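Analysis of the macromolecular model
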Amino acid sequence: AQSVSQHNHHVILSEAASLELGCNYSYGGTVNLFWYVQYPGQHLQLLLKYFSGDPLVKGIKGFEAEFIKSKFSFNLRKPSVQWSDTAEYFCAVNGPGNNRLAFGKGNQVVVIP
Amino acid sequence: DAGVTQSPTHLIKTRGQQVTLRCSPKSGHDTVSWYQQALGQGPQFIFQYYEEEERQRGNFPDRFSGHQFPNYSSELNVNALLLGDSALYLCASSQDEVQSLHFGNGTRLTVT
């Protein structure tokens, strides 16, 4: 079974600071990897995804993530956060031919103006 | 606009009761998945419906059942409610690919 670990559940930082959220997964085969974001009062939205190819993936709103296969990791980064990045961020994984997503517990990120 | 609509938005039930939650997928989507999100946790996969049949199921008891209608909309039914069933229930639709999941705003179920 697939599982996803996200650390530092609560993150508080100031505007313009850099953000990095860790995501580690356990699955032995080929995986598809995702980061979802949930802004306050809104639905889960796809931030970015990795299927294959360049391990550095660019997403919306200046976010990027790097897939490191040897470390089973897919960390999310943003060089300079804004107050509007306050949200909960979820990492998710699925294997090929598997239509279910396994989510991590999420990171609650608060950006202070 | 989520595209995926769920109803109701909030629901309060008593232990032992039954509940039905509804989901209309995004236009053009034919696959509906249901997830349970307990407080402080990530969403957990319940099951997925495609062509009116349950295609995959997560680790949830038989008290959780579902249905998909010819118009692709879906229902999630939970029987014999337990306090532990209190959670946000999310519906997600896709065009037969998990890679393009679109989530609704969810139904907040409270069991007292």
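Figured I'd write up the structure that's included with this text. Computed from a predicted structure; not experimentally measured.

Rules and cut-offs
Residues numbered from 1 in each chain as written. Chains lettered and ligands numbered in written order. Predicted model: local features only at pLDDT ≥ 70, side-chain atom pairs only at ≥ 80, totals over all residues. Heavy atoms only, no water. Helix = DSSP H or I, 4+ residues; strand = E, 2+ residues; numbered from the N terminus. Rg over C-alpha atoms; globule rule 2.2 N^0.38 Å. Buried < 20%, exposed > 50% of the residue type's maximum accessible area, 1.4 Å probe, protein only. Contact = heavy atoms within 4.5 Å. Lys, Arg positive; Asp, Glu negative; His and termini not counted. Charge placed at Lys NZ, Arg CZ, Asp CG, Glu CD. Pairing = 2+ DSSP bridges. Axes fitted to C-alpha atoms, helices over the stretch in contact; angles between N-to-C directions. Core = buried A, V, L, I, M, F, W, Y, C linked by side-chain atoms within 4.5 Å. Disulfide = S-S within 2.5 Å. Buried area = accessible area lost by both parts, 1.4 Å probe. Salt bridge = Lys/Arg side-chain N within 4 Å of Asp/Glu carboxyl O. Polar contact = N/O pair within 3.5 Å; in protein donor to acceptor, adjacent residues only side chain to side chain.

1. Structural notes on the overall build of chain A
Along the backbone of chain A there are 0 helices and 12 strands. In chain A, the succession of helices and strands from N to C terminus is β-β-β-β-β-β-β-β-β-β-β-β. Expected size for 113 residues packed as a compact globule is a radius of gyration near 13 Å; at 13 Å, chain A falls within 12% of this value. Dimensions of chain A, computed from the C-alpha atoms along their principal axes, are close to 40 × 25 × 20 Å. Taken over 113 residues, chain A has a buried fraction of 50%. Long-range pairs, those at least 24 residues apart, make up 56% of the contacts in chain A between residues at least 6 apart in sequence. Counting 9 positive and 7 negative side-chain charges, chain A places the averaged centre of each group 8 Å from the other.

2. Looking at the sheet that holds strand E3 (residues 19-24) of chain B
Residue and element names in this part refer to chain B. Taken in spatial order, the 4 strands make up an open sheet running E1-E3-E8-E7, and their pairing is antiparallel. If you trace the sheet from one side to the other, it starts and ends with strand E1 (5-7) and strand E7 (64-68), each paired once. Pairs of neighbouring strands in the sheet enclose a mean axial angle of 20°, with direction left out of account. The pairing of E7 with strand E8 (residues 74-78) spans 5 bridges and is antiparallel. Bridged to Gly 66 within E8 is Leu 76.

3. A short note on the environment of Gly 42 of chain B
As for its position among the elements, Gly 42 of chain B is in the loop between strand E4 (31-37) and strand E5 (44-50). The exposure class assigned to Gly 42 of chain B is buried, which follows from its relative accessible area of 5%. C-alpha of Gly 42 of chain B to C-alpha of His 29 of chain B: the two residues are 13 residues apart in sequence and 24 Å apart in space. If we ignore the near neighbours within four places in the chain, the residues touching Gly 42 of chain B are Phe 90, Phe 103, Gly 104 and Lys 105 of chain A together with Gln 36 and Gln 37 of chain B.

4. Focus: the nonpolar core
Counting residues in each nonpolar core, the largest one holds 29 residues, and the members touching the most others are Trp 35, Leu 48, Phe 74, Leu 76 and Tyr 89 of chain A. Residue assignment for this core shows that the elements contributing at least two residues are strand E2 (10-14), strand E3 (19-21), strand E5 (32-38), strand E6 (45-50), strand E8 (64-68), strand E9 (73-78), strand E10 (87-94) and strand E12 (107-112) of chain A. At 4 residues, the largest contribution of residues to this core is made by E10 of chain A. One finds Leu 21, Trp 34, Phe 47 and Tyr 89 of chain B within the second-largest nonpolar core, a separate group that totals 19 residues.

5. A word on the state of the cysteines
Applying the stated criterion across every chain yields a total of 2 disulfides over all chains. A sulfur-sulfur distance of 1.9 Å marks the disulfide that ties Cys 23 of chain A to Cys 91 of chain A. Measuring handedness by torsion sign, the sulfur bridge of Cys 23 of chain A and Cys 91 of chain A sits at about -65° and is left-handed. Placement of the pair is Cys 23 of chain A in the loop between E3 and strand E4 (24-26) and Cys 91 of chain A in strand E10, with a sequence separation of 68 residues. Summarising the burial analysis for this pair, Cys 23 of chain A and Cys 91 of chain A share the class buried. Sulfur-sulfur distance for the disulfide between Cys 23 of chain B and Cys 91 of chain B comes to 1.8 Å. Since a negative S-S torsion denotes a left-handed disulfide, the Cys 23 of chain B-Cys 91 of chain B link at about -65° is left-handed. Within this pair, whereas Cys 23 of chain B is found in strand E3, its partner Cys 91 of chain B is found in strand E9 (residues 87-94), the two being separated by 68 residues in sequence.

6. A look at the interface of chain A and chain B
Listed as interface residues are 20 residues of chain A and, on the opposing side, 21 residues of chain B. Note on chain A versus chain B: buried area summed over both sides is about 1,700 Å², and carbon and sulfur give 52% of it. Area buried by chain A at its contact with chain B is led by His 43, Asn 99 and Arg 100 of chain A, which between them contribute 37% of it. Applying the counting rule to chain A against chain B returns 0 salt bridges. Counting the contacts that link chain A with chain B gives 4 residue pairs in polar contact (both at pLDDT 80 or more). Those elements that place two or more of their residues in the side of chain A that touches chain B are E5, E6 and E10 of chain A. At 4 residues, E5 of chain A tops the list of elements feeding residues into the side of chain A that touches chain B.

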